[in-house]
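Close look at the chain arrangement
Here are the chains, one letter per residue:
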Amino acid sequence: MAKITYIEHTNKKHIVEVPNNMSVMEGAIQNNIPGIDADCGGSMACATCHVYIDKKWFDKLKKKGEGEEDMLDMAYQPNKFSRLSCQLIISNELDGLILRMPSKQG
Amino acid sequence: MISTDVLIVGAGPAALFAVQQLGLLGLKAEVVDNLDKVGGQCSELYPDKPIYDIPAIPECTGETLIKNLIKQIEPFNTNFHLNERVDQLVKEGNKWKITTNRKKVFIAPCVIIAGGVGSFEPRKFPLKEAEKFEDNGVFYSIRDKKYFDNKKICIFGGGDSALDWSIELSKNSKVVLVHRRSEFRGTSKNVETVNKLKKDGIIQIETPYQLNSIEGDNKIKAITIKDDEGNIKKIDTDYILGFFGLVIKLGPIAEWGLNLDKKHINVSAENFQTNKEGVFAIGDICTYPGKIKLILSSFHEGAIAARGCFELARPNEKYRHEFTTTSKTIHERLGKKRS
């Protein structure tokens, strides 16, 4: 279980507890948090679950796997803190993770 | 105007199997898809990725699955209307009139929407100014490459479309290739060619930069690009081309008066009909209690929707449940001799 803070582009915060082994994307979808579309349902095929990870957290995350950086090329306004939230799997180590959603996904 | 039994919106796996199920029942279908090829997400998003949960097929790629689905519907000689998007759906008498963006008109008692997650459209620059200059300096595809001869062109993107066009257009124009990171994800051959062209001073490459602003009144004069550290560069240019892949939009489907739940169409799980009689929805685009987004589920949904279509398209005939192993009628429809 990890407490995740999702911040909308309007600065509206959503703090929810997400069970281990779910993805950060699923945590948003299941809690009806707007700002993550996840059109492809987590198959890393669409880049509409793109988020910006808080600076303090970015290096603590597992490195991007094959294909994630390629898919981020397709994301809306990516920067160096960009990740696809479907690829971030919840574990106790992620407790306290803070991330921001872009103003739109497509 | 084309008259048919069922008009299918979309040409992904759900649509293809629905064609088969309709065909077995003796119903003719026409298929319209916005993409330039059959296969939907399987062909567009993951042609090479293996799928492990198609019944009785332990492992196959998206491409193979589509190839086999196409083979399975060969006996029905289905017409595919590709590169066309269904724009309008209007009731006329007891039939539906369907109009595409190319003004092709279909008349059918039934429509099956198998639109996946919507239609694929080019992903655009996030800048407001880019919208203003769209088709007048800002482009997301190339129809006639001569248009770009002897011009200054900035190409954005890191995939093969961006690399292919950088290589091609640099023959007759000054090309600047801009990408958000220093690695390109195109084929190694394309990456090598682009790097060689850079070394020879033919192409200018700017990484890691993204578009920051566009300058010009009626036509583009220059752009600025910015990196993650906020460093800004100005480049004089006539045209900007963006190749960022495709984005999925629900598109005109949202305007057909169907009951929607976010980006999905509500259907009854009994027959996969929407709130409009004769309009069915199957596959990823439909939702109902217990919905699972699997290719498997879309096959089931298509089989049942086909029976719903039969009742509406053949009101005077009685539906009979038949098996492909034994039915003589089905064997005739499939062009098989044995019965």
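Residues numbered from 1 in each chain as written. Chains lettered and ligands numbered in written order. Predicted model: local features only at pLDDT ≥ 70, side-chain atom pairs only at ≥ 80, totals over all residues.

1. Section: the sheet that holds strand E13 (residues 152-156) of chain B
Residues and elements named next belong to chain B. The strand order E12-E19-E13-E14-E15 describes an open sheet built from five strands, whose pairing is parallel. Both edges of this open sheet fall to strand E12 (138-139) and strand E15 (203-206), since each of them pairs with a single strand only. Inspection of the sheet shows strand E14 (residues 174-178) paired to E15 by four bridges, in the parallel sense. Of the residues in E15, the one forming a bridge with Val176 is Gln204. Contacting E13, E14, E15 and strand E19 (239-242), helix H5 (residues 160-169) crosses the sheet at an angle of about 165° to E13. (Pairing = 2+ DSSP bridges. Helix = DSSP H or I, 4+ residues; strand = E, 2+ residues; numbered from the N terminus. Contact = placed C-beta atoms within 7 Å. Axes fitted to C-alpha atoms, helices over the stretch in contact; angles between N-to-C directions.)

2. A look at the pairing of strand E3 (residues 50-53) of chain A
Residues and elements named next belong to chain A. Here E3 shows two buried faces, one formed by His50 and Tyr52 and the other by Val51 and Ile53. Two elements, E3 and strand E4 (residues 82-84), share three bridges in a ladder whose sense is antiparallel. Across the sheet, the residue bridging to His50 is Leu84, located in E4. Pairing of E3 with strand E5 (residues 98-100) involves two bridges; the strand directions are antiparallel. Paired with Tyr52 across the strands is Arg100, a residue of E5. (Buried ≥ 20, exposed ≤ 12 C-beta atoms within 10 Å, placed from the backbone.)

3. Describing the pairing of strand E8 (residues 95-100) of chain B
Residues and elements named next belong to chain B. Going residue by residue along E8, you find Trp96, Ile98 and Thr100 tucked away on one face and Lys95, Lys97 and Thr99 left uncovered on the opposite face. Pairing geometry for strand E7 (residues 86-92) and E8, over six bridges, is antiparallel. Within E8, the residue paired with Lys91 across the bridge is Trp96. Between E7 and E8, which pair antiparallel one after the other, the connecting turn spans two residues, and Gly93 there sits at a positive phi close to 65°. Where E8 and strand E9 (residues 105-108) come together, four bridges link them in antiparallel fashion.

4. Section: helix H1 (residues 13-24) of chain B
Residues and elements named next belong to chain B. Its 12 residues place the ends of H1 17 Å apart at the C-alpha level, agreeing with the 16 Å of an ideal helix rising 1.5 Å per residue. Among the 12 residues in H1, 11 count as buried, and that is most of the element. At the exit of H1 stands Gly26, carrying a positive phi of roughly 85°. (Expected span 1.5 Å × (residues − 1).)

5. Considerations on the sheet that holds E5 of chain A
All names here are of chain A. Read across the open sheet, the five strands follow the order E2-E1-E5-E3-E4; overall the sheet is mixed. On the outer flanks of this sheet lie strand E2 (13-18) and E4, each paired with one strand and no other. The sheet shows a mean angle of 35° between the axes of neighbouring strands, direction not considered.

6. Details of the domain arrangement of chain B
On domain assignment, one finds that chain B holds domain 1 (2-121 + 247-334) and domain 2 (124-244). With centres defined by C-alpha atoms, the gap from domain 1 of chain B to domain 2 of chain B works out at 38 Å. (Domains from an automatic or database assignment.)

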